[in-house]
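Architecture at a glance
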Amino acid sequence: MGYKVAVVGATGNVGREMLNILAERAFPADEVVALASRRSLGTEVSYGDKTLKTRDLATYDFSDTDIALMSAGGDVSKEWSPKIGAQGCVVIDNSSAWRYDADVPLIVPEVNADAVAGFSKKNIIANPNCSTAQLVVALKPLHDRFGIKRVVVATYQSVSGAGKEGLDELFAQTKAIYVNDAVEPKKFPKRIAFNVIPHIDVFMEDGYTKEEWKMVAETKKILDPKIKLTATCVRVPVFISHSEAVNIEFEKPVTADEAREILRSAPGCLVIDKREPGGYITPYEASGEDATYISRIREDITVENGLDMWVVSDNLRKGAALNAIQIAEVLINRKLLPAKKKAA
Ligand SMILES: NC(=O)c1ccc[n+]([C@@H]2O[C@H](COP(=O)([O-])OP(=O)(O)OC[C@H]3O[C@@H](n4cnc5c(N)ncnc54)[C@H](OP(=O)(O)O)[C@@H]3O)[C@@H](O)[C@H]2O)c1
């Protein structure tokens, strides 16, 4: 007997990917329900070879649902996750609404699966920001061996990280430029087609953006509060997959060869690192894949115990949908899901 799973935000980029991954991984679900806003009532979405008709979140009763995979934004999550959790359904949330709550575990299964045990205080588990998820998968094995002191990261984030409106805007602007039409930025603050924008999410008082702050706070919560991290988050005209140029300073001496060997056998990591043209991964190739790819591993010639590397992953998968489903699998494998509904 399997579980009843609700995908909330099923018509969005992440929700659709969740449905794909549930089917691909043969997740033990007896029933999968697609939920979104009233606007999408009846909209058809694919789940493996089945088609689901989207239902309205506002009128759905969660009392016999085991797991809610939420990807409907922070405001919806703030309002609905506590109500869903109170009905005994475990919420795995993709928004930033709960990530920094001390009573909500923030989980990347390859890194801190054991921390999931604290979920029952609110019945909510948070998924990190997409740029943090892939970063900590690559940092964890190196931190365990060499002890990370400081990380400097620049991100190259795809437009799908800004939802379906982000994808539409890059597509529409690219088309408009080819036919000499006017380009009107709507979702992004400046033109994104054939451009890059060093600004994601809102500005904070200290000059960092919220996206950059999230990477700092989430890396500390998931991996180690002692790690110092500074980030510059940049939106680039790529449809799917985020890339990151990462500089790391360690406590212990490290060589590029040692790092490469460790990463080769680390969970979730795939090293593609030939020092020749094309011997590295690009976001186009990482799209639709599950791994966090690591390339361009080299010693930093300017500091003691420093490394540089290039980290790429599909933001809709490891950065969101896949990570959420891996968390659900941890709950099932560790027998942490309340039994009442499964038995009902
Ligand atoms: N994209 C990424 O790489 C990424 C990574 C990590 C986390 N996230 C987070 O995941 C969430 C979803 O992102 P996305 O990229 O999938 O966005 P999206 O493509 O814009 O989709 C948003 C989804 O939320 C639904 N929704 C909006 N308002 C709702 C309401 N009042 N009630 C019920 N459903 C509602 C939408 O349904 P309708 O179609 O009915 O409007 C749609 O299904 C966000 O919190 C985002 O920050 C995204």
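Residues numbered from 1 in each chain as written. Predicted model: local features only at pLDDT ≥ 70, side-chain atom pairs only at ≥ 80, totals over all residues. Heavy atoms only, no water.

Going by the annotation in an unreviewed UniProt entry, the name recorded for the chain is Aspartate-semialdehyde dehydrogenase, with Labrys neptuniae given as the source organism. According to its UniProt record, the chain has this under Catalytic activity (unreviewed entry): "L-aspartate 4-semialdehyde + phosphate + NADP(+) = 4-phospho-L-aspartate + NADPH + H(+)". Within the UniProt record for the chain, the comment given under Sequence similarities (unreviewed entry) is "Belongs to the aspartate-semialdehyde dehydrogenase family." (UniProt positions renumbered as here; feature names shortened; annotations may be inferred.)

Regarding the nonpolar core
If you look at the biggest cluster of nonpolar residues, it comprises 55 residues, and the most contacted ones within it are Phe62, Leu142 and Met309. Per element, the largest residue contribution to this core is 7 residues, and it comes from helix α4 (residues 130-146). (Core = buried A, V, L, I, M, F, W, Y, C linked by side-chain atoms within 4.5 Å. Buried < 20%, exposed > 50% of the residue type's maximum accessible area, 1.4 Å probe, protein only. Helix = DSSP H or I, 4+ residues; strand = E, 2+ residues; numbered from the N terminus.)

Quick word on the packing of aromatic side chains
This model, assessed by the stated rule, comprises 5 aromatic pairs. Taking 5.6 Å as the distance between ring centres and 70° as the angle between the ring planes, the aromatic pair formed by Phe146 and Phe250 counts as edge-to-face. In this pair, Phe146 sits in helix α4 while Phe250 sits in strand β11 (residues 242-250), placing the two residues 104 residues apart along the sequence. Judged by its relative accessible area of 1%, Phe250 is buried. Positioned over the ring face of Trp80 is Lys83, at 4.5 Å from the centre of the ring. (Phe/Tyr/Trp six-rings, centres within 6.5 Å; stacked < 30°, edge-to-face > 60°. Lys NZ or Arg CZ within 6 Å of the ring centre and 35° of its normal.)

As for the site of the ligand
For the ligand, the set of nearby residues contains 26 residues, the closest of which are Thr11, Ser37, Arg39, Ser40 and Lys164. Within the contact set of the ligand, an oxygen atom lies 3.1 Å away from a backbone nitrogen or oxygen of Gly9. The separation between an oxygen atom of the ligand and a polar side-chain atom of Ser37 is 2.6 Å. Contact with the protein chains removes 80% of the 900 Å² of surface that the ligand exposes when unbound. The set of elements that each furnish at least two residues to the shell around the ligand consists of α1 (13-24), α5 (163-178) and α9 (317-333). For the shell around the ligand, the residue count by class is 9 nonpolar, 15 polar and 2 charged. (Near = heavy atom within 4 Å. Polar contact = N/O pair within 3.5 Å; in protein donor to acceptor, adjacent residues only side chain to side chain. Areas by Shrake-Rupley, 256 points an atom, 1.4 Å probe, with all protein chains shown as cover. Nonpolar A, V, L, I, M, F, W, Y, C, P; charged D, E, K, R; others polar.)

Brief notes about the environment of Tyr293
Considering the arrangement of structural elements, one finds Tyr293 in strand β13 (residues 292-299). Spatially, the C-alpha atom of Tyr293 lies 9.5 Å from that of Asp314, the residues being 21 residues apart in sequence. With near-sequence residues (within four places) excluded, Tyr293 lies in contact with Leu270, Ile272, Ile281, Ala286, Trp310, Val311 and Val312. (Contact = heavy atoms within 4.5 Å.)

Structural notes on helix α7 (residues 256-264)
Since the α-helix turns once every 3.6 residues, residues separated by three or four places project in the same direction. Turning to α7, its buried residues are Ala256, Ala259, Arg260, Ile262 and Leu263. Burial along α7 is one-sided: seen end-on, the buried residues are contained in an arc of 165°. Where α7 is buried, its residues contact α4, β12 (269-271), β13 and β14 (306-313). (Arc of directions from axis to C-beta.)

Here we look at the UniProt feature "binding site: NADP(+)" (unreviewed entry) in the chain
This chain's UniProt record puts "binding site: NADP(+)" (unreviewed entry) on Thr11, Gly12, Asn13, Val14, Arg39, Ser40, Ser160, Gly161 and Asn315. Of the residues just listed, which span 305 residues, the most distant C-alpha pair is 25.7 Å apart, and they do not cluster in one region. Among the residues just listed, Thr11, Gly12, Asn13, Val14, Arg39, Ser40, Ser160, Gly161 and Asn315 line the largest pocket. Of note, Arg39 is situated in the loop between β2 (29-36) and β3 (44-47). You can call Arg39 exposed: its relative accessible area is 77%. When you line up the elements, Gly161 lands in the loop between β9 (148-157) and α5. Here Gly161 falls in the partly exposed class, since its relative accessible area comes to 38%. What Gly161 contacts, discounting residues up to four positions off in sequence, is Arg235, His242 and Asn315. (1 Å grid on protein atoms, 1.4 Å probe; cavity = no way out; pocket = protein on both sides within 12 Å on 5 of 7 lines; lining within 4 Å.)

Some points on the pairing of strand β1 (residues 3-8)
Of all 6 residues making up β1, 6 are buried, and the element is well covered by its neighbours. Taking every second residue as pointing to the same face, both faces of β1 are buried, with Tyr3, Val5 and Val7 on one and Lys4, Ala6 and Val8 on the other. Here 6 bridges tie β1 to β2, and the two strands are oriented parallel to one another. Looking across to β2, one finds that Ala6 is bridged to Val33. As a crossover connection, the stretch from β1 through α1 into β2 is right-handed. (Pairing = 2+ DSSP bridges. Right-handed = clockwise from strand over helix to strand, strands pointing away.)

Considering the UniProt feature "domain: Semialdehyde dehydrogenase NAD-binding" (unreviewed entry) in the chain
Mapped onto this numbering, the UniProt entry annotates "domain: Semialdehyde dehydrogenase NAD-binding" (unreviewed entry) at residues 4-119. Helix makes up 25% of residues 4-119 and strand 27%, and the two end C-alpha atoms of the span are 19 Å apart.

A few points about α9
Helix length check: α9, at 17 residues, gives a terminal C-alpha distance of 21 Å against a target of 24 Å (1.5 Å per residue), a shortfall beyond 12%. Of all the bends in α9, the greatest, near 40°, is centred on Asn323. For α9, the tally of buried residues reaches 16 of 17 residues, placing the bulk of the element in the interior. Lys335 lies just past α9 and shows a positive phi near 55°. (Expected span 1.5 Å × (residues − 1). Bend = angle between axes of the 7 residues up to and from the residue.)

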